[in-house]
Amino acid sequence: MDQSFLLMLSNLLHLHNSIDPTTSLISSPTSTSSASTSSSPTSLLTSSSAAPLLFFTIASVLSYIASSRPSSSSSSSSSPAASDYSVSAFRALSTEHIWSLEAPLRDAQWRSLYGLSYPVFTTVVDKLKPHIALSNLSLPSDYAVAMVLSRLTHGFSAKSLAARYSLEPYLISKITNMVTRLLATKLYPEFIKIPVSRRRLIETTQAFEELTSLPNMCGAIDGSPIRLHKQNLSGNYRCRYGYNAVQLEVVADHKKIFWDVCVKAPGGTDDAAHFRESLLYNRLTSGDIVWDKVINVRGHPVRPYIVGDWCYPLLSFLLTPFSPNGMGTPAQNLFDGMLMKGRSVVVEAIGLLKGRWKILQDLNVGLNHVPQTIVACCVLHNLCQIAREPEPEPWKDPEENGMPPRVLDSEKSFYYFGESLRQALADDLHQRLSSR
């Protein structure tokens, strides 16, 4: 029973005795049988004094209030306390509790908290720990990484996460910026790589050919706006869907693993313009990237190429559909269908990226830290795909529409070669599939 209620009840008893000592409710050790009889419930109710009835009325009210009021222990257990997210609580979870669970249950718990399984989590921590140690952070490295992954997974703001972890919001932002910067710089070269080795090229092109029947396809490119949370921005940030955003461009392989990521443009920039600003475009047009896997199709040397929709320019290394509405020849329409089938992997990859790291659905970090946060999520996405983590429910962007971009003067030679290459691939595809 509540201690305050007991105290009030005791005070009432003493008050009653002082008002009506003839009907004492507290028996003394020397009380006689007559006194015991006079203090029975019947004698109390028939007493000439109003004190007994007043006492029972007040006591009944207090008892009802005490029984209906939730105890402090039950109310505290209904909502998570800050101690549930303390360093000691995390340490107990990660060192003691973790090994008492079966692996599937353990990993499901970690995915619900941090977006990835325990083994992948430890991989991230091990790779970041030496760099975090140099920052003189007062928190343990794994705890800091867990905190940031929790924010990226659930989309928490710095303020809400600060309340949960009993830290200042500025410290949450500082830790988030540090961890995402390390992911975007130190881990990017290891987990986001252009497929230049012959072994990886063969694996990728063969997988795409099994999917599309088109030879030497090595990737699919697409762009997606990343919504910015409540930021009044001047300039070209309003995207085609009506909200402020920055533009993300990725190239994915058949496993939905990104091998190139670019975040260089505000949301109002079209896909073609963003691609032309990227390092990948500059490397491809300058000949810096040379894929050593050339096949011959109807007299045309075909090097590995990527595919995109009609919002991208047609180039020798980037093939796009003949028509967005199926108005081409049978061979061209067949080619377009297979090309878009290959492109579907990058659409699915972006959907998984936004579905797994929900902060990208409404990005609540400072504008200066937007690019590194997006790239960090792409690195984590690749880690999950490589580890074959279960795929979450994908996020779905609205359907794209737009006119094909104009060809720049500097691109004309790439365009003419791409045009003849595309037609040769379409004719070859139509002949092969028609003869089956």
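Okay, so let's go over this structure. The shown structure was predicted, so the numbers you read here are calculated from the model rather than taken from an experiment.

Turning to the overall build of the protein, a few remarks are in order. Summing up its helical and strand segments, the protein has 18 helices and seven strands in all. Across the 436 residues of the protein, 45% fall into the buried class. In the structure as shown, the protein presents an accessible area of about 21,700 Å², 56% of it carried by carbon and sulfur atoms.

A few words on the pattern of salt bridges. One pass over the structure, following the stated rule, counts 14 salt bridges. The salt bridge involving Lys 256 is made with Glu 391; its shortest N-O contact spans 3.3 Å. Of this pair, Lys 256 sits in the loop between strand E2 (245-252) and strand E3 (258-266) while Glu 391 is found in the loop between helix H17 (370-386) and helix H18 (412-434), placing the two residues 135 residues apart along the sequence. A residue is classified by how much of its surface remains accessible, and Glu 391, at 42% relative accessible area, is partly exposed. The structure contains a network of salt bridges with shared partners spanning Arg 199, Glu 203 and Lys 255.

Moving on: the pairing of strand E1 (residues 217-227). Judged by how many residues are buried, E1 sits mostly within the fold: 10 of 11 residues are covered. Bridge count for E1 against strand E6 (residues 305-307) is three bridges, and the pairing is parallel. Across the sheet, Met 217 pairs through a bridge with Tyr 305, a residue of E6.

With that settled, the discussion passes to the packing of helix H11 (residues 169-185) against H17. Direction vectors running N to C along H11 and H17 enclose 60°, while the axes themselves pass 8 Å from each other. As summarised for this structure, H11 and H17 are arranged oblique, according to the angle between their axes. Crossing hand, H11 versus H17: left-handed. In this structure, H11 uses Asn 177, Thr 180, Arg 181, Leu 183 and Ala 184 to contact H17, whose residues at the interface are Gln 372, Thr 373, Val 375, Ala 376, Val 379 and Leu 380. Looking at side-chain class alone, the contact of H11 with H17 contains six nonpolar, four polar and one charged residues.

Pairing in this open sheet of five strands is mixed, and the strands run E3-E2-E1-E6-E7 from one edge to the other. Both edges of this open sheet fall to E3 and strand E7 (318-319), since each of them pairs with a single strand only. The pairing of E6 with E7 spans two bridges and is parallel. Counterpart to Ile 306 in the pairing with E7 is Leu 318. The strands touched by helix H13 (residues 198-212) within the sheet are E1, E2 and E3, with E1 carrying the most contacts at an inclination of about 80°.

This next bit is on the packing of aromatic side chains. All chains considered together, the criterion is met by 13 aromatic pairs. With 4.9 Å between their ring centres and 65° between their planes, Trp 110 and Tyr 118 make a pair best called edge-to-face. The burial state of Trp 110 is the same as that of Tyr 118; both residues are buried. Here the aromatic rings of Tyr 118 and Phe 121 are separated by 6.5 Å at their centres, their planes lie at 25°, and the arrangement is stacked. Of this pair, Tyr 118 and Phe 121 both sit in helix H8 (residues 118-133), three residues apart, roughly one helical turn. One aromatic cluster in this structure is built from Trp 110, Tyr 114, Tyr 118 and Phe 121. A cation over an aromatic ring shows up here: Arg 227 above the ring of Tyr 243, its NZ or CZ 4.0 Å from the ring centre. Sitting above the plane of the Phe 322 ring, Arg 422 keeps its charged end 4.1 Å from the centroid.

For the rest of this paragraph, the subject is H8. A rise of 1.5 Å per residue sets the reference length of H8, with its 16 residues, at 22 Å; its end C-alpha atoms lie 21 Å apart and thus fit the reference within 8%. Turning to H8, its buried residues number three or more, namely Tyr 118, Val 120, Phe 121, Val 124, Val 125, Leu 128 and Ile 132.

Moving on, we get to the environment of Ile 289. Here Ile 289 shows up in the loop between helix H15 (279-286) and strand E4 (295-297). Each C-alpha atom, one on Ile 289 and one on Val 196, is 7.9 Å from the other, the two residues being 93 residues apart in sequence.

Conventions used here
- Residues numbered from 1 in each chain as written.
- Predicted model: local features only at pLDDT ≥ 70, side-chain atom pairs only at ≥ 80, totals over all residues.
- Heavy atoms only, no water.
- Helix = DSSP H or I, 4+ residues; strand = E, 2+ residues; numbered from the N terminus.
- Buried < 20%, exposed > 50% of the residue type's maximum accessible area, 1.4 Å probe, protein only.
- Areas by Shrake-Rupley, 256 points an atom, 1.4 Å probe, with all protein chains shown as cover.
- Salt bridge = Lys/Arg side-chain N within 4 Å of Asp/Glu carboxyl O.
- Pairing = 2+ DSSP bridges.
- Axes fitted to C-alpha atoms, helices over the stretch in contact; angles between N-to-C directions.
- Parallel < 35°, antiparallel > 145°, perpendicular 65-115°, else oblique.
- Left-handed = near helix turned anticlockwise from the far one by under 90°.
- Contact = heavy atoms within 4.5 Å.
- Nonpolar A, V, L, I, M, F, W, Y, C, P; charged D, E, K, R; others polar.
- Phe/Tyr/Trp six-rings, centres within 6.5 Å; stacked < 30°, edge-to-face > 60°.
- Lys NZ or Arg CZ within 6 Å of the ring centre and 35° of its normal.
- Expected span 1.5 Å × (residues − 1).

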